[in-house]
Amino acid sequence: MTTTRVRLDAVHAGHDGTDVLCGATLDLRAGAVTALVGDNGSGKSTLLGVLAGTHPPRAGRVQHEGPQRPAFVPQRSAVPDALPLTVLQTVRMGRWARRGAWRRLRREDHEAVAHCLDRLDVADLAGRALHTLSGGQRQRVLVAQGLAQEADLLLLDEPSTGLDTDARAAIARVLTEERDRGRAVLVATHAADEVRGADRVLRLHGGHLSEETAS
Ligand SMILES: Nc1ncnc2c1ncn2[C@@H]1O[C@H](COP(=O)(O)OP(=O)(O)OP(=O)(O)O)[C@@H](O)[C@H]1O
């Protein structure tokens, strides 16, 4: 039986009084990677914001199954370059969703953080300040932070943009692993390899979502 993690019903949302989503409807199921495609400006980031709970819809319904907040990995360009944080602190913040901000982390949290750093191959960067990293390294750290949340729903906004072949492969691998753990994964992307690797492809066009056949 497939479990629905989140459902959108006739959602309208946008910016400055202009709707970008015009009745968007979807459900995301556990154990599947869904690629969200669409032209620049079609509203993919807006849709992810609605699903993440950071962008309130103007109308329609967003229904999350389960108590957990989704994990949201924003576009790298949406994260200020000069955040005064190390890589380790950044990934540890992923555990706040479970423990609450500034609470003391437990041994299992430290183990989860170490595992996420390894999975994205950034453990050797743990002590480095985020702003000293290359764009691709920073992107991998943001994905590691998303994984550290261990949420049932993982949302990623163009995680592979600007990454080299190895880093793209690492991200593709972790998305498949998350899927195999029963998580629902939604990845907004322009990358053909990410689209090919998805179980399902949704296209956003004219404010509406439509299903495309995954290859
Ligand atoms: N903060 C904002 N204020 C005003 N308009 C915005 C804002 N953010 C996005 N928009 C507008 O909303 C529309 C959808 O933008 P969005 O970033 O959701 O598209 P996208 O599909 O993610 O684009 P891309 O592929 O370029 O990342 C665009 O027309 C954009 O100009």
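Rules used throughout
Residues numbered from 1 in each chain as written. Predicted model: local features only at pLDDT ≥ 70, side-chain atom pairs only at ≥ 80, totals over all residues. Heavy atoms only, no water. Helix = DSSP H or I, 4+ residues; strand = E, 2+ residues; numbered from the N terminus. Polar contact = N/O pair within 3.5 Å; in protein donor to acceptor, adjacent residues only side chain to side chain. Contact = heavy atoms within 4.5 Å. Near = heavy atom within 4 Å. Areas by Shrake-Rupley, 256 points an atom, 1.4 Å probe, with all protein chains shown as cover.

## Side note on the side chain of Ser 42
Part 1: Mapped onto the secondary structure, Ser 42 falls in the loop between strand S3 (32–37) and helix H1 (44–52).
Part 2: A distance of 2.7 Å separates the side chain of Ser 42 from the backbone oxygen of Asp 39, its partner in a polar contact.
Part 3: Leaving out residues up to four positions away in the same chain, Ser 42 has contacts with Val 20 and Leu 204.

## Quick word on the side chain of Arg 179
Part 1: Tracing the backbone through its elements, the reader meets Arg 179 in helix H6 (residues 165–180).
Part 2: Within the structure, the side chain of Arg 179 is placed 2.8 Å from the side chain of Asp 199, a separation counted as a polar contact.
Part 3: Other than its neighbours up to four places away in sequence, Arg 179 contacts Gly 31, Ala 32, Val 33, Val 185 and Asp 199.

## So, the site of the ligand
Part 1: With respect to spatial proximity, 14 residues lie near the ligand, and among them Gly 41, Lys 44, Ser 45, Thr 46 and His 190 are the closest.
Part 2: Ser 45 is positioned with one of its backbone polar atoms (N or O) 2.9 Å from an oxygen atom of the ligand.
Part 3: One of the side-chain N or O atoms of Thr 46 is found 2.6 Å from an oxygen atom in the ligand.
Part 4: Compared with its free state, where it exposes 640 Å², the ligand has 58% of that area covered by protein.
Part 5: When residues of the shell around the ligand are assigned to their parent elements, the largest contribution, three residues, is made by H1.

Keep in mind these values describe shape, not function.
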